[in-house]
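Residue strings, one per chain:
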Amino acid sequence: MTGLPDPGFGIYVHWPFCLSKCPYCDFNSHVREGVDHARWRAALLAEIDHYAARTPARTVTSIFFGGGTPSLMEPATAAAAIERVAQRWSVAPDLEITLEANPSSVESARFAALAAAGVNRVSLGVQALDDRALAFLGRRHDSAEALAALAVAQRHFARVSFDLIYVRPGQSVADWRAELERAAGFGTEHLSVYQLTIEPGTRFATLAERGELDLPDEEAQAELYEATQEILGATGLPAYEISNHARPGAECRHNLTYWRYGDYVGVGPGAHGRLTVEGAKVATRAHRAPEIWLGRVEAQGHGAHEDVPVAPGERRDEMLLMGLRLADGVPLSRFRAELGGDVADLIEPGKLDRLVRGGFLSVDDQSLRATAAGLQRLNAVLAGLLG
Ligand SMILES: C[S@@+](CC[C@H](N)C(=O)[O-])C[C@H]1O[C@@H](n2cnc3c(N)ncnc32)[C@H](O)[C@@H]1O
Ligand code: SF4
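Everything quoted here is computed from the prediction, not taken from an experiment. (Residues numbered from 1 in each chain as written. Chains lettered and ligands numbered in written order. Predicted model: local features only at pLDDT ≥ 70, side-chain atom pairs only at ≥ 80, totals over all residues. Heavy atoms only, no water.)

With respect to the site of ligand 1
Around ligand 1 there are 18 residues in total, and Gly68, Asn102, Gln127, Arg139 and Asp163 lie nearest to it. Gly68 is positioned such that a nitrogen or oxygen atom in its backbone is 2.9 Å from a nitrogen atom of ligand 1. The protein chains hide 93% of the 560 Å² of surface that ligand 1 would expose on its own. Of all the secondary-structure elements, those providing two or more residues to the shell around ligand 1 are β3 (90–101), β4 (121–127), β5 (159–166) and β6 (190–195). Residues that form the shell around ligand 1 fall into these classes: 6 nonpolar, 8 polar and 4 charged. (Near = heavy atom within 4 Å. Polar contact = N/O pair within 3.5 Å; in protein donor to acceptor, adjacent residues only side chain to side chain. Areas by Shrake-Rupley, 256 points an atom, 1.4 Å probe, with all protein chains shown as cover. Helix = DSSP H or I, 4+ residues; strand = E, 2+ residues; numbered from the N terminus. Nonpolar A, V, L, I, M, F, W, Y, C, P; charged D, E, K, R; others polar.)

Points about the sheet that holds strand β13 (residues 330–331)
One open sheet holds the 3 strands; their spatial order is β13-β15-β14, and the pairing between them is antiparallel. Strands at the two margins of the open sheet, each flanked by one partner only, are β13 and β14 (361–363). Both β14 and strand β15 (residues 367–370) contribute to a ladder of 3 bridges, which runs antiparallel. What sits directly across from Leu361, in β15, is Ala370. (Pairing = 2+ DSSP bridges.)

Regarding the pattern of salt bridges
Pairing is possible between side chains that carry opposite charge, provided their charged atoms lie close to one another. A complete count under the given rule lists 24 salt bridges for this structure. Arg253 serves as the salt-bridge partner of Asp94, at 3.4 Å between the closest nitrogen and oxygen. Highlighted residues: Asp94 in strand β3 and Arg253 in helix α10 (residues 253–259), separated in sequence by 159 residues. What makes Asp94 partly exposed here is its relative accessible area of 46%. The partly exposed category is assigned to Arg253, whose relative accessible area is 32%. Taking the shortest distance from any N to any O, the salt bridge between Glu179 and Arg168 comes out at 2.7 Å. Note that Glu179 is positioned in helix α7 (residues 173–184) and Arg168 in the loop between β5 and α7, a separation of 11 residues in sequence. Assigned by exposure class, Glu179 and Arg168 land together as buried. Overlapping salt bridges, with partners in common, bring together Arg58, Asp263, Lys281, Arg315, Arg334 and Glu338 in one network. (Salt bridge = Lys/Arg side-chain N within 4 Å of Asp/Glu carboxyl O. Buried < 20%, exposed > 50% of the residue type's maximum accessible area, 1.4 Å probe, protein only.)

Structure follows, in structure tokens:
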């Protein structure tokens, strides 16, 4: 990727329901006995209308149905949302429309209808190819069901990705290498590999507090990370972001919009947005609780809980937090266009120099980026740069 990449303009739609709660997950996902699909569809469409009125004259480059488990949406709801986006904005000819799906047989039975609705990319939450690991992660599927769903997805969608979680208790580097080689062998153009994080408030956090989770130590984590880079790099799926690997050209355009600090609309409970309104960047955040969000949309046309300008310092921090996750880093021209100043003016030189000399960041006349060593410990690098 060279030149000045267009950050694009994306629409994120959040479906907050799941069949059960996974023990590691702190996403805004909820288990409900019944969902009134017609009400939910109407509310999502109303919120699309609300944000379209605030961002006229934009061209949508991606739509992303995330969750929760959006593969539990009625395909007619996804179809209606896609149609509404195309009525309210102009859309790019190569509009990317992704939907996150759980790899179960019930959900893969809907893939044909979702493809007919316009979805052209799916991201499957496979998580592991090992049944014991899947049981540990509290997943409802085993590896055979996940692989069957992957095959159905590959028949229906031109673009398929799946997620794996690693740094699991007892996971050896040899086992992970074998699992990754198998994963790369399914021929998808994209793979997301996340290190297991223990999020506060989850069941795993409780187990960890009780000393009942025996996770790989830092050294083992680094070895697992290095094996990931090596194997996926060698199989044609290099990392373009810390946890995301793709064949060159097959990167997720929607997520690139976030990482390039472009604008995006957030629709649905808990969704975040970043919009440029009359030249100023605005942050929006919807109420997280599904029923409160629904009630607010029905009463006032949107569920926004927060709608505030992003201060210049915060804007710089957000741009660096997102952009330094990318292998290509932050193009200096984007930095200037977004923030109205150069890296040398807007970042304390002492902090930058220290990280460059330490081999964690590099700057040339094109971009500021994290080196391989920097990417491996990005949180510490960002703390050193912005703290
Ligand atoms: C919203 S979920 C994906 C869709 C679907 N709900 C599913 O679970 O299959 C987003 C992804 O984030 C990853 N994830 C969520 N919580 C995580 C955690 N604590 N540590 C590592 N990865 C996590 C999982 O790989 C998951 O597939
Ligand atoms: S990981 Fe996915 S399926 Fe599990 S609770 Fe979170 S959003 Fe739901």
